[in-house]
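An overview of the molecular structure
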Amino acid sequence: RDIMEKQLQEFLNDTFKPYGNFPSRKDVEQELLANMLEKFNDLKQQGKSDDEAYQATIDSFGDVSEIMAEVRPAATAPKHEIDSNDSSVHKVLKNAFKMAKQSKSKFASSELKESDLSEIDLTEADFSFSSLAGTNFDGSELARAKFSGSDLRGSSFKGAKLNDATFTGSDLTDVAFDDANLSGAQIKAAALKGATFADAILDGTIFRHSDLRDVSFDGMTLNGTSFESTSLKNTSFKGAVLNDATFHHSDVKHTVFDGATMDKATFAILRGAKAKLDNVTIK
């Protein structure tokens, strides 16, 4: 296992090398490594040799250039700073508005930890490679916003409009997406431990090469939501409605689908992946 872990780590190092060091790189690599090791071990249990299992594991990773298309070296981006320790929320917001007007909402490589950016129109804003841990985006307009390579740990997007937003190589640990609209959003190579999605809209949302272990989608309606090459161990879909959802190259053996309702195509995909479907309804 140690040898294979080292080999997979070297693969990830080479994969991320062209994109430089972004705030969440270390955490994202750790999550991806855990996901790939899990897949490798499953393939070994199926009787494949070490070489066969390794090749199948890295093949399932997909097109790296496509996955990381949004990621670029942060060193070329301008740096902005907002005093997140200032006690006046109004001053933080004033600075944010001012910066948005001057730079056409480009916040790349910004230091915005624990800022209050709630209820603001930040459509198409670029927050790539920014430090945004603990930032409040509740109720903001963030359609087509970019958060590539950003540290968003513990931030909140409750009720935010994130249509077609992109989160590539981002650390989304403990992020609250409750009541948010994530239709068409792309969440790739992201760490999502502890993230919440209660009552969120995920129509056409793409999760790819991301860690969704232990995340709950209970009772949600998922239309055209894609979970591709994603870690779904102990992820829960209890009572969820799955319409044309896809789970290509994702391990769903330990995913919870109790009480879920799904269309025939989704059921067929999950059954082929050996998911536990004893208590589901097919419509």
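Refer to the preceding data block for the structure.
The following refers to the structure shown.

**Observations concerning the nonpolar core**
- Among the nonpolar cores identified, the biggest contains 52 residues, and Phe147, Phe157, Leu162, Phe167, Phe177, Phe197 and Phe257 are the most heavily contacted of them.
- Not counting the four nearest positions on each side in its chain, Phe197 is found in contact with Phe177, Asp178, Leu182, Leu192, Leu202, Phe207, Val215, Phe217 and Met220.
- Ranked by size, the runner-up nonpolar core spans 14 residues in total, among them Leu8, Leu12, Leu32 and Leu43.

**Considering the sheet that holds strand β8 (residues 241-243)**
- In spatial order, the strands read β6-β8-β9-β10; together these four strands make up an open sheet with parallel pairing. The open sheet terminates on both sides in strands that have one partner only, identified here as β6 (221-223) and β10 (281-282).
- Pairing between β8 and strand β9 (residues 261-262): two bridges, direction parallel. If you follow Leu242 over to β9, its bridge partner there is Met262.

**Topic: helix α6 (residues 264-272)**
- By the burial criterion, the buried members of α6 are Thr266, Phe267 and Leu270. The buried residues of α6 all sit within an arc of 100° when viewed along its axis, so they share a single face. Every exposed residue of α6 that faces more than 90 degrees away from the buried side is listed here: Lys264 and Gly272.
- Along its buried surface, α6 packs onto β8, β9 and β10.
- The N-cap of α6, judged by a side-chain oxygen 3.1 Å from the amide nitrogen of Ala265 a few residues on, is Asp263.
- Just beyond α6, the residue with positive phi is Lys274, at close to 65°.

**Some thoughts on the packing of aromatic side chains**
- Overall, the coordinates contain 21 aromatic pairs when judged by the stated rule.
- Judged by centre distance (6.1 Å) and plane angle (70°), the ring pair of Phe207 and Phe217 falls under edge-to-face. Residue Phe207 is located in strand β5 (residues 206-208), and its partner Phe217 is located in the loop between β5 and β6; the two are separated by ten residues in the primary sequence.
- Residue Phe207 is classed as buried on the basis of its relative accessible area, which comes to 0%.
- The exposure class assigned to Phe217 is buried, which follows from its relative accessible area of 0%.
- Note on Phe237 and Phe247: the rings are 5.9 Å apart at their centroids and 80° apart in plane angle, and the pair reads as edge-to-face. With Phe237 in the loop between β7 (226-228) and β8 and Phe247 in the loop between β8 and β9, this pair connects stretches of sequence that are ten residues apart.
- Residue classification places Phe237 among the buried residues on the basis of a relative accessible area of 0%.
- Taking the relative accessible area as the measure of exposure, Phe247 reaches 2% and is therefore buried.

**Let's talk about the sheet that holds β7**
- Across the sheet, which stays open at both edges, the four strands sit in the order β3-β4-β5-β7 with parallel pairing between neighbours. Taken across any chain shown, the strands that pair with only one partner, and hence form the sheet edges, are β3 (166-168) and β7. Going across the sheet, the axis of each strand differs from the next one's by a mean of 5°, ignoring polarity.
- Of the strand pairs in this sheet, strand β4 (residues 186-188) and β5 are connected by three bridges, and their pairing is parallel. Following the sheet pairing, Ile187 is matched in β5 by Phe207.

**Concerning the environment of Glu119**
- Mapped onto the elements, Glu119 comes out in the loop between β2 (110-111) and β3.
- Measuring from C-alpha to C-alpha, the distance between Glu119 and Asn136 comes to 9.3 Å, with 17 residues separating the pair along the chain.
- Once you skip the residues sitting within four places of it in the chain, Glu119 turns out to touch Asp138, Gly139 and Ser140.

Thresholds, definitions, all that
Residues numbered from 1 in each chain as written. Predicted model: local features only at pLDDT ≥ 70, side-chain atom pairs only at ≥ 80, totals over all residues. Heavy atoms only, no water. Core = buried A, V, L, I, M, F, W, Y, C linked by side-chain atoms within 4.5 Å. Buried < 20%, exposed > 50% of the residue type's maximum accessible area, 1.4 Å probe, protein only. Contact = heavy atoms within 4.5 Å. Pairing = 2+ DSSP bridges. Helix = DSSP H or I, 4+ residues; strand = E, 2+ residues; numbered from the N terminus. Arc of directions from axis to C-beta. Polar contact = N/O pair within 3.5 Å; in protein donor to acceptor, adjacent residues only side chain to side chain. Phe/Tyr/Trp six-rings, centres within 6.5 Å; stacked < 30°, edge-to-face > 60°. Axes fitted to C-alpha atoms, helices over the stretch in contact; angles between N-to-C directions.

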